[in-house]
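Report on the structure
For reference, the chains in residue letters:
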2 protein chains.
Amino acid sequence: MTTQIAEQTEFDTAPGALALSPTDADLLFREAHTVNTFTDTEVSDDQVHAAYDLLRWGPTMMNTVPLRLLLVRTPEAKARLAAHMSPGNVDRVLAAPLSIVAAADPNFHEHLGTLVPHLPNAREMFAADAAARAGIARTSALIQVGYLIVALRATGLHAGPMGGMDPAGIDAEFFAENGWNSLLVINAGMPSGPDASRPRAPRLEFSQVSRSE
Amino acid sequence: MTTQIAEQTEFDTAPGALALSPTDADLLFREAHTVNTFTDTEVSDDQVHAAYDLLRWGPTMMNTVPLRLLLVRTPEAKARLAAHMSPGNVDRVLAAPLSIVAAADPNFHEHLGTLVPHLPNAREMFAADAAARAGIARTSALIQVGYLIVALRATGLHAGPMGGMDPAGIDAEFFAENGWNSLLVINAGMPSGPDASRPRAPRLEFSQVSRSE
């Protein structure tokens, strides 16, 4: 029955349907846009730390929390990163005050003694199968990337996520020692002006993305 | 220099560091817990639609927005879903008022005429390579799962995400016709009481998950 109602009335958010304040719904989702060009204003580690102090609480499989962040700011490091970006993203990385390489840590199991204290054998469950760990890390870290983008916006920063890159090249360049696997790059900062974002592109209707059983 | 500051002062969110209200930071992240047992209160399509009207705006690669949602409520459909869950998750699915199967649509390219109007050939770019589409869909849909969990909480609902399941079994059971690929199952509703969640498990410190270059 509820299905029929939803199909008959395509609406934006109904009045009273959110516990979240309208201001914060706009901040995090409704008025937030991917930003391509930023001002020169620096983004401090404290700002990213404040975002992390939100996203850290988001759920992951077995509390593995495998998302890792490489914060790239120096011209030298920016050049090393830009060399592995798709052509359209090179200048974006070079110009943004901060580029965050979001990565998955396939060695997350080394922290499970801390993270999953109620399962004393959690580390050993994963120790033998590096390929399984890489898959598990990728899945949960991508979910955490969703939290990260929301959390950056929660600090007042704007985000420009980019998937166009050579992940293997980035991993060889920056993660040869710690084994992290890069997922995407997110520029962060304040928008340069009214042309910092493309016009909003359309989205699909609820009836196009959902079914009920 | 900012790196040194962050390493010297491990803190929870510093005063004034968030644009998000403290109440909403608690609602979405800091006081939100994975819920395992729910009351019988029904969860309507309208409530999920309100969550969708937030998460729909979250960024995805090339605006492909490949996340799809199967809303499972009837006892018959619950039994079909529970048959493919890990043993510890069977009763959780059967008891929750709503179980959402979050899935990725590898045929997202069929919507690109609508979603990416500034790239007229977008559909054709993806038409020939179904394996590449499946990978792209999985990556962006997992990021959208992060938005979904935040957005469900924004409506006042509580979420219980579960990865322990047989994705291929679920896909054969429910998605043989539309080709969706299941990612995880998220129970949604209101918590049954003070024991509905486990005690909060630890998380890693910012200095453990981040590096600066």
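So, how was this worked out
- Residues numbered from 1 in each chain as written.
- Chains lettered and ligands numbered in written order.
- Predicted model: local features only at pLDDT ≥ 70, side-chain atom pairs only at ≥ 80, totals over all residues.
- Heavy atoms only, no water.
- Helix = DSSP H or I, 4+ residues; strand = E, 2+ residues; numbered from the N terminus.
- Buried < 20%, exposed > 50% of the residue type's maximum accessible area, 1.4 Å probe, protein only.
- Contact = heavy atoms within 4.5 Å.
- Areas by Shrake-Rupley, 256 points an atom, 1.4 Å probe, with all protein chains shown as cover.
- Lys, Arg positive; Asp, Glu negative; His and termini not counted.
- Charge placed at Lys NZ, Arg CZ, Asp CG, Glu CD.
- Phe/Tyr/Trp six-rings, centres within 6.5 Å; stacked < 30°, edge-to-face > 60°.
- Axes fitted to C-alpha atoms, helices over the stretch in contact; angles between N-to-C directions.
- Parallel < 35°, antiparallel > 145°, perpendicular 65-115°, else oblique.
- Left-handed = near helix turned anticlockwise from the far one by under 90°.
- Least-squares fit on C-alpha atoms with pLDDT ≥ 70 in both.
- Salt bridge = Lys/Arg side-chain N within 4 Å of Asp/Glu carboxyl O.
- Polar contact = N/O pair within 3.5 Å; in protein donor to acceptor, adjacent residues only side chain to side chain.
- Pairing = 2+ DSSP bridges.
- Buried area = accessible area lost by both parts, 1.4 Å probe.

Our next topic: the overall build of chain A. For chain A, the count of helices and strands is 10 helices and five strands. Its C-alpha atoms put chain A at 55 × 45 × 30 Å along the principal axes. Here chain A holds 213 residues, and the buried ones make up 52% of them. Within chain A, contacts between residues at least 6 apart in sequence are counted, and of these 81% link residues at least 24 apart. For chain A, the exposed area adds up to about 8,800 Å²; of that, 55% sits on carbon and sulfur atoms. Separation of charge centres in chain A, based on 15 positive and 24 negative side chains, amounts to 2 Å.

Moving on, we get to the packing of aromatic side chains. Under the counting rule described, the total for this entry stands at 10 aromatic pairs over all chains. On the numbers, 5.3 Å between centres and 50° between planes, the contact of Phe175(A) with Trp180(A) is tilted. You can call Phe175(A) buried: its relative accessible area is 2%. Here Phe108(B) and Phe126(B) contribute two aromatic rings whose centre-to-centre distance is 5.3 Å and whose plane-to-plane angle is 70°, an arrangement assigned as edge-to-face. Of the two residues, Phe108(B) sits in the loop between β2 (98–104) and α6 (112–115) while Phe126(B) sits in helix α7 (residues 122–127), which places them 18 residues apart along the sequence.

Now for the packing of helix α2 (residues 22–30) of chain A against helix α8 (residues 130–154) of chain A. Residue and element names in this part refer to chain A. It is the contact of α2 with α8, at a shortest axis distance of 9 Å, that shows an interaxial angle of 130°. With respect to α8, the element α2 is oriented oblique. Like other packed secondary-structure pairs, α2 and α8 cross with a definite hand, here right-handed. Here Leu27, Leu28 and Phe29 of α2 come into contact with α8, specifically with Val150, Arg153 and Ala154.

Bringing the relation of the copies chain B and chain A into the picture now. Both copies of the chain are related through a single rotation about an axis accompanied by a shift along the same axis. Once chain B is rotated about the relating axis by 180° and shifted along it by 0.0 Å, it coincides with chain A to within an RMSD of 0.0 Å. Put plainly, the chains are arranged around a two-fold axis. Mapped onto chain A, 100% of the interface residues of chain B again fall at the interface, so both copies present the same surface.

Right, let's talk about the side chain of Arg203(A) for a bit. Counting through the fold element by element, Arg203(A) comes out in the loop between β4 (181–189) and α10 (206–209). Among buried Asp, Glu, Lys and Arg side chains, Arg203(A) stands out as unpaired, with Asp53(B) the closest opposite charge at 10 Å. A polar contact is formed between the side chain of Arg203(A) and the backbone oxygen of Ala201(A), at a distance of 3.0 Å. At 3.2 Å, the side chain of Arg203(A) and the backbone oxygen of Trp57(B) are in polar contact. In this view, Arg203(A) contacts Arg56(B), Trp57(B), Gly58(B), Asn63(B), Val65(B) and Leu115(B); residues no more than four positions away in its chain are not counted.

Overall, mixed pairing links the five strands, which are arranged β3(A)-β4(A)-β2(A)-β1(A)-β5(B) in an open sheet. Of all strands in the sheet, those bounded by a partner on one side alone are β3 (158–162) of chain A together with β5 (210–212) of chain B. Recorded for the sheet is a direction-independent mean angle of 25° between the axes of neighbouring strands. Bridge analysis of strand β1 (residues 67–72) of chain A against strand β2 (residues 98–104) of chain A gives six bridges, and the strand direction is antiparallel. Its bridge partner lying in β2(A), Arg68(A) is registered against Ala103(A). Seen against the sheet, helix α4 (residues 75–82) of chain A touches β1, β2 and β4 of chain A and runs at an angle of roughly 55° to β2(A). Of the strands in this sheet, β1, β2 and β4 of chain A together with β5 of chain B touch helix α9 (residues 167–174) of chain A, which is tilted by about 85° from β4(A).

Right, let's get into the interface of chain B and chain A. In this complex, chain B contributes 85 residues to the contact, which on the side of chain A involves 85 residues. Overall, the association of chain B and chain A removes approximately 7,700 Å² of surface from exposure, summing both partners, and the carbon and sulfur fraction of that is 62%. Taken as a group, Trp57(B), Arg203(B) and Glu213(B) account for 11% of the area that chain B buries against chain A, more than any other trio of residues on that side. The interface formed by chain B and chain A includes four salt bridges. Glu205(A) is paired through a salt bridge with Arg56(B); the nearest N and O atoms lie 3.6 Å apart. The tally of links between chain B and chain A comes to 37 residue pairs in polar contact (both at pLDDT 80 or more). By residue number, the principal contributor to the side of chain B that touches chain A is helix α8 (residues 130–154) of chain B, which donates 11 residues. Summarising the sheet, strand β5 (residues 210–212) of chain A and strand β1 (residues 67–72) of chain B pair through three bridges and their orientation is parallel.

Taken in spatial order, the five strands make up an open sheet running β5(A)-β1(B)-β2(B)-β4(B)-β3(B), and their pairing is mixed. Whereas interior strands pair on both sides, the edge strands pair on one side only; in this sheet they are β5 of chain A together with β3 (158–162) of chain B. The average angle at which neighbouring strand axes cross in this sheet is 25°, direction not considered. Relative to strand β4 (residues 181–189) of chain B, β3(B) runs antiparallel, the two sharing five bridges. If you follow His158(B) over to β4(B), its bridge partner there is Gly189(B). Relative to the sheet, helix α9 (residues 167–174) of chain B contacts β5 of chain A together with β1, β2 and β4 of chain B, its axis offset from that of β4(B) by approximately 85°.

Residues and elements named next belong to chain A. Position of Thr60 relative to the elements: it lies in the loop between α3 (45–55) and β1. Along the chain, Thr60 and Ala137 lie 77 residues apart, while their C-alpha atoms are 9.5 Å from each other. For Thr60, the contacting residues outside a window of four places in its chain are Val65, Pro66, Ser140 and Gln144. A polar side-chain atom of Thr60 sits 3.3 Å from the main-chain amide nitrogen of Thr64.

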